[in-house]
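Below are the chains, spelled out letter by letter.
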Amino acid sequence: MKHLDLNRRRVLRQLAIGASLTGPVLLSSFGRSALAAEASDYRALVCLFFFGGMDAFDTVLPYDSDSYARFAQLRARLFQQYDAANPAASRARTALLPLAPDTRFGSRRFALPAQLAGLKTLYDEGRLAIVGNLGPLLAPLTRADVEADSPLVPARLFSHNDQQSTWMASGPEGTRLGWGGRFADSWLDANAALGGGAFTALTTQATRLFLSGERVVPYTTGLNGAPRYRLLDGFPSTGSPTQAAQRARLRAHLGAASVALPQALAQDYADALARAQATNERFDEALQDVGENETAFPTSRLGRQLRAVARAISAREALGTQRQVFFVGIGGFDTHASQARTLPALHTEIDGATTAFQSAMDSLSLSRAVTLFTASDFGRTLSINDDGTDHGWAGHHLVVGGDVAGGRIVGDLPPYELDHPSDVGRGRFIPTTSVEQYAGSLGRWMGLTAEELNRALPNLRQFDGLPSLFADTS
Amino acid sequence: MEDAPVGDPPQVETPPTGGSTPSPVAKVPGGSGSDSGPDTDPDPETSPPPSDPPAAPLPADDGDPPPPVQPDPGSGSESGSESGPDLEPPPEPATDPGDAAAITDSAAIKFLNRATFGATDSDLSAVQADSASDWFRRELEKPASSFQREVTQLLAADGATDPSGQPTFQGRRTPNVAFWQLAVTADDQLRQRVAYALSQIFVISNRSRSPLFDWPVGVAYYQDVLARNALGNFRTLLEEVSLSPAMAIHLTYMRNLKADAATGREPDENYARELLQLFTIGLVELKPDGTPRLANGEPVESYSNDDITGLARVFTGLSLDTDVFFYGFAEENSGAQARPLRAFPEWHSVQEKQFLGVRIPAGTDALASIRITLDALIQHPNTAPFVARQLIKRLVMSAPPPAYVARVARAFEDGLYLLPDGELAGRGERGDLAATIAAVLFDPRAVGDSGAADEQGGKLREPVLRVTQYLRLFVGSAFDSSRTPALHETTSADSLAQAPFQSPSVFNFYRPGYLAPGTRSGDLGMTVPELQIVTANSLVGYSNTLGDLIFSGGVAERWAGAGPDFSSVRGFAEQPITLVDRLAVMLGAAPVSNETRDRIVAFLQDLPAGVGENAQQRVRHAIQLLMTSPDYVAAK
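Residues numbered from 1 in each chain as written. Chains lettered and ligands numbered in written order. Predicted model: local features only at pLDDT ≥ 70, side-chain atom pairs only at ≥ 80, totals over all residues. Heavy atoms only, no water.

## Section: the environment of Leu-134 of chain A
Point 1. Residue placement: Leu-134 of chain A occurs in strand β5 (residues 128-135).
Point 2. Leaving out residues up to four positions away in the same chain, Leu-134 of chain A has contacts with Trp-167, Trp-393, Ala-394, Gly-395, His-397, Pro-431, Thr-433, Ser-434, Val-435 and Tyr-438 of chain A. (Helix = DSSP H or I, 4+ residues; strand = E, 2+ residues; numbered from the N terminus. Contact = heavy atoms within 4.5 Å.)

The following block contains the structure:
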């Protein structure tokens, strides 16, 4: 396959795979070189989703001695399980990694657990920002609004699938378009002109909601490049005329070519087969051109996913993409029990994979062109249920990249205490920054207009301004 | 939860075979539902439909075909059988699986593909010799196969335990090995098939790294709970599920402690929430047909967070059935994984418990509180349509119309269903699953052939069920799951993207409410769970996995357990058209489209002809291509 038929590749590039088969594609036949010159303009977002609801309080911990002591008392049983009295244990104050003081928070200080040492370094280098008390909102809310059951309280709070959907798509289960996909709608034509329309949105997960747009259909990539049908192996294109003809029939069958079926489900499956074949073959070729990443990634679940994303980014020119959005994720954060055993291992996995990804972007000289951000179903309760925590609302999140105005906390971090004005019960905090504001800031960095942002984020108008996540934004 | 693995397999008893419903009690001559009045009142304020039994098929109001009994002679052609090249002479119109005289191969296979892990020749003969109603009744009588027995045997095999008696990786996978074995070879097919459907609603998971991975005996006990109650009563099922150690581990209420004001500790809310959201009533108030009840144009949430807080108190103070609440390794391996949980009064919340309008007085103990809770939940107006819709989706139809849901919900409430041959299924108690499953399988919308023009019908066959069907048809009783390791973990998109009892989350492999973006079904508003695992990656993974099964021929070591036997169709190898048409009916119960058929036939004709290995190759390719065609994957 190294001896690619260049003619065929050119034709494939010009084929709009995916949603757009119309106008802009034709530009590519004469616009390719001009657009290639703009490749330095490449930008991408990577959404890292923590399925199950990550405990933000146990990720960004209180550090000044007063706050730490109160927190340790609130979570006494959990701290016991962390063996926090042992000075070397991961929740012992002495073992935490303190963040530089921020006068906005008075005497309060914060720290990351030792498992996030790599991210702490990125924070210190100014390439990672923490966004505090972030969550789904339709409009700014007070505790009185929530207690009065205001219609502005987001539907189906505390329910996993609904809040995942709300994070990704501004509405509960059943919502069909995610803001990643809607952002990508704005980039589809430019990518299609380069031949990479089908690769505007890539996911390593089965979940596609976040990346589904009006026109954009996400491509699900394997962890080791595109999969291949083994059935074709016995019928090489270089074989006898019969073998080549048989291969063509098999490809037509496996791609459900020109199958039109009246049953919606059957047609959906046929369409999926057709799209899979076209995109898998293109992806396979492009990745062969670029080879392996220079950076070594951990072999964890997340490490392998971010390695696949880094490979796709390194193949951006062969794929023909200028703006992309990626989705990766790991589960296991629903720590109703055994949090002290589960969460540190997850933090370690996040830390190793994310820092490797950042190194890979550095080695591609794309550090400033790619921003990774985190998302999760919800934060968790501040109060514990013995050895775990329950479903909450707001949480804290991370934004990583060379263009990020890092080394600081963006937004609010309400005190880690019960019964203050942000607490609607058991330490479920009302968000003070909405997911849509967060998304809006990311989208603006990608170059979307206010109009495009408002189309992708239906409630954005209800909020004043965007959090300043990047150096070039206020 | 300690992560200590299980030691020696404990002694297990064969579970009782209780739960199967006795034979029908009454013969109702020719009764149809045509006189039972309107079923789904469009008025959102309507309470559940009148409960005058029996819940015979109700008049269809959603464009469904007419009920199976007393068909309108004038409309026979609309509800007729499959068109196309059946191997039988053209059938009579108004085919239904209960009508022995008229049942075609297609209709019988379609029925059996829903009621079993794949139609075989012997089941087909049975349905055709008697009737689908008779077959169904016989299935109700069959005793449940025992997962515990399977797992105990598998744990006794070489390599299943290490020298210290703890299960190895092989030992920890035994419940999954047992699943495939029973799915393919067990005699109680209807029960096992329904249990598998239930396993996708009452989800536990023994994925690698999950706590239940270390508890093969506890998982096997849970599998038996589902199978033993699959055709029994939903109320009993709920109680046995709620008191099973595996569920308590999976949804983290094992050793859940009552609140402690001094420390601010609150009970774990996990089970309270998922019991409501996933197992019984769902998130929003439902009409009897399963559609949301609207107030001011918006769905009404069926519970609040206060309800969860109140309900969480119920599931406190439960632990393994030993003398030690905070059990350790010894207790864990004492056999208690395979017994219902024990209530420990000192750890149970004796505060008053309030939720959903239920008030459990202060001082009520754990087991009494659980019984009051489950009694209330089974009476909740949401439960019947909620469960009905889920079961239809798992057994028959990806996106069932509301009237079908309403008819099944009615059978759930009445506990009775009139089978096509005029006899009743069920014992007349609310929540009877024999009646409910009968309603799912024999409903006119399920049975009636709306033909190729049924745009919104059918079910996307689950990858696991495609593979069980292949194994039942072409490997059969020779199948040895323990020697087929590639089926032990099929979670990856390189494999089947679906693995029984290894779901990635409490939401199963896919969610019931999934609307696939960018699809025709999505545009039509059809929720199609199975599309959630159809990706550019998993489509190839399925084809490759299936291909390994078909082409290995028992040669490759990792497929050693699945050597296929194609003698039933090898004789057609020289006649590709007949071969394809016959396989289309055997596998998919319907002919495939001309495009698909022509392409497969052309490919087969260009393969070397002859007997022996050449014939085998033609048959293998024919099966592989049919089973990867959209025509087959989308069941009618």
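## What to know about the packing of helix α6 (residues 174-185) of chain B against helix α19 (residues 463-474) of chain B
Residue and element names in this part refer to chain B.
Point 1. The contact between α6 and α19 brings their axes to 9 Å, and the two run at 55°. With respect to each other, α6 and α19 are oriented oblique. When the axes of α6 and α19 are compared, the crossing they make is right-handed. In this structure, α6 contributes Phe-179, Trp-180, Ala-183 and Val-184 to the contact, and α19 contributes Val-464, Val-467, Thr-468, Leu-471 and Arg-472.
Point 2. In the contact of α6 with α19, the residues fall into seven nonpolar, one polar and one charged. (Axes fitted to C-alpha atoms, helices over the stretch in contact; angles between N-to-C directions. Parallel < 35°, antiparallel > 145°, perpendicular 65-115°, else oblique. Left-handed = near helix turned anticlockwise from the far one by under 90°. Nonpolar A, V, L, I, M, F, W, Y, C, P; charged D, E, K, R; others polar.)

## A few points about the packing of aromatic side chains
Residue and element names in this part refer to chain A.
Point 1. This model, assessed by the stated rule, comprises 48 aromatic pairs over all chains.
Point 2. When the ring of Trp-167 is compared with that of Tyr-438, the centres are 6.0 Å apart and the planes differ by 90°; the resulting orientation is edge-to-face. Here Trp-167 is found in helix α7 (residues 160-169), whereas its partner Tyr-438 is found in helix α14 (residues 435-445), with 271 residues between them in sequence. Of the two residues examined, Trp-167 and Tyr-438, each falls in the buried class. (Phe/Tyr/Trp six-rings, centres within 6.5 Å; stacked < 30°, edge-to-face > 60°. Buried < 20%, exposed > 50% of the residue type's maximum accessible area, 1.4 Å probe, protein only.)

## Comments concerning the environment of Val-370 of chain A
All names here are of chain A.
Point 1. Following the sequence through the fold, Val-370 ends up in strand β9 (residues 370-376).
Point 2. Taking C-alpha positions, Val-370 is 28 Å from Thr-175, a pair spaced 195 residues apart along the chain.
Point 3. Leaving out residues up to four positions away in the same chain, Val-370 has contacts with Tyr-42, Ala-44, Val-46, Ile-313, Phe-357, Met-361, Val-400, Gly-401 and Trp-445.

## So, the pattern of salt bridges
Point 1. One pass over the full model with this rule turns up 54 salt bridges over all chains.
Point 2. Here Arg-455 of chain A makes a salt bridge to Glu-451 of chain A, at a shortest N to O gap of 3.9 Å. Taken together, the residues span about one helical turn, with Arg-455 of chain A and Glu-451 of chain A both in helix α15 (residues 450-456) at a distance of four residues. Here the two residues Arg-455 of chain A and Glu-451 of chain A agree in accessibility, since each one is exposed.
Point 3. For Arg-342 of chain B, the salt bridge is made with Asp-323 of chain B, and the minimal N-O distance between the two is 2.9 Å. With Arg-342 of chain B in strand β4 (residues 342-343) and Asp-323 of chain B in the loop between β3 (318-319) and α13 (329-332), the pair connects residues that are 19 residues apart, well separated along the chain.
Point 4. Each of Asp-390, Arg-426 and Arg-428 of chain A together with Glu-269 and Arg-273 of chain B takes part in salt bridges that share partners, so that together they form one network. (Salt bridge = Lys/Arg side-chain N within 4 Å of Asp/Glu carboxyl O.)

## Quick look at the interface of chain B and chain A
Point 1. Listed by partner, the interface residues are 82 residues for chain B and 67 residues for chain A.
Point 2. Overall, the association of chain B and chain A removes approximately 6100 Å² of surface from exposure, summing both partners, and the carbon and sulfur fraction of that is 56%.
Point 3. On the chain B side of the interface with chain A, the three residues burying the most area are Leu-539, Arg-599 and Pro-630 of chain B, jointly 11% of the side's total.
Point 4. Connecting chain B to chain A are five salt bridges.
Point 5. Residues Arg-176 of chain A and Asp-523 of chain B are paired through a salt bridge, measuring 3.5 Å at the closest nitrogen-oxygen approach.
Point 6. Taken together, the connections running from chain B to chain A amount to 29 residue pairs in polar contact (both at pLDDT 80 or more).
Point 7. Counting residues per element, the ones that place at least two in the side of chain B that touches chain A are α11 (270-280), β9 (459-460), α20 (520-523), α21 (536-552), α24 (594-605), α25 (613-627), α26 (630-633) and β10 (634-635) of chain B.
Point 8. Looking at side-chain class alone, the side of chain B that touches chain A contains 32 nonpolar, 26 polar and 24 charged residues. (Buried area = accessible area lost by both parts, 1.4 Å probe. Polar contact = N/O pair within 3.5 Å; in protein donor to acceptor, adjacent residues only side chain to side chain.)

## Quick look at the side chain of Ser-131 of chain B
Point 1. Among the secondary structure elements, Ser-131 of chain B is positioned in the loop between α2 (121-129) and α3 (132-141).
Point 2. Only 3.1 Å separates the side chain of Ser-131 of chain B from the backbone nitrogen of Asp-134 of chain B, close enough to count as a polar contact.

## Concerning the pairing of strand β12 (residues 395-400) of chain A
Consecutive residues of a regular strand have side chains that alternate between opposite faces of the sheet.
All names here are of chain A.
Point 1. In terms of burial, β12 is largely enclosed, as six of its six residues are buried.
Point 2. Covered by surrounding structure in β12 are Gly-395, His-397 and Val-399 together with His-396, Leu-398 and Val-400, the residues of both alternating faces.
Point 3. As paired strands, β9 and β12 are joined by two bridges and run antiparallel to one another. Bridging from a neighbouring strand, Phe-373 pairs with Val-399 of β12. (Pairing = 2+ DSSP bridges.)

## Focus: the sheet that holds strand β2 (residues 61-62) of chain A
All names here are of chain A.
Point 1. The strand order across the open sheet built from three strands is β2-β4-β3, with neighbouring strands paired in antiparallel fashion. Edge strands, defined here as strands with exactly one partner in the open sheet, are β2 and β3 (97-98).
Point 2. Inspection of the sheet shows β2 paired to strand β4 (residues 110-112) by two bridges, in the antiparallel sense. Along β4, the bridge assignment pairs Leu-61 with Ala-111.

## Observations concerning the nonpolar core
Point 1. One finds Phe-357 of chain A together with Phe-136 and Phe-202 of chain B to be the most contacted residues of the largest nonpolar core, which totals 266 residues.
Point 2. Among the elements that line this core, the one with the most residues is helix α10 (residues 264-290) of chain A, at eleven residues.
Point 3. Setting aside chain neighbours within four positions, we find Phe-136 of chain B in contact with Leu-190, Leu-419, Ala-425, Ala-434, Ile-437, Ala-438, Leu-441 and Phe-442 of chain B.
Point 4. Among the nonpolar cores identified, the runner-up in size contains 40 residues, and Phe-183, Leu-188, Val-435 and Phe-470 of chain A belong to it. (Core = buried A, V, L, I, M, F, W, Y, C linked by side-chain atoms within 4.5 Å.)

## Concerning the confidence of the model for chain B
Residues and elements named next belong to chain B.
Point 1. Mean pLDDT over chain B stands at 84; residues scoring 70 or higher make up 82%.
Point 2. Low pLDDT, under 50, characterises residues 1-95; the predicted model gives this stretch 205 contacts beyond four residues in sequence or across chains.
Point 3. pLDDT under 50 marks residues 553-558. Its contacts with residues more than four places away, or in other chains, come to 14 contacts.
Point 4. Both confidence scores are given for the complex: pTM 0.80, ipTM 0.85. (pLDDT = per-residue confidence, 0-100.)

## Things to note about the side chain of Thr-371 of chain A
Point 1. Tracing the backbone through its elements, the reader meets Thr-371 of chain A in strand β9.
Point 2. Excluding its chain neighbours within four sequence positions, the residues that come into contact with Thr-371 of chain A are Ala-44, Leu-45, Val-46, Val-399, Val-400, Val-404, Leu-442, Trp-445 and Phe-470 of chain A.

## What to know about unusual backbone geometry
Residue and element names in this part refer to chain B.
Point 1. In this structure, Thr-252 takes a positive phi of about 60° despite not being glycine.
Point 2. Note that Thr-252 resides in the loop between α10 (245-250) and α11.
Point 3. With relative accessibility at 12%, the residue Thr-252 sits in the buried group.
Point 4. Backbone geometry at Ala-589 places phi at a positive 65°, although glycine is not the residue there.
Point 5. Summarising the element assignment, Ala-589 is placed in the loop between α23 (576-588) and α24.
Point 6. Ala-589 gets classed as buried once you look at its relative accessible area, which sits at 3%.

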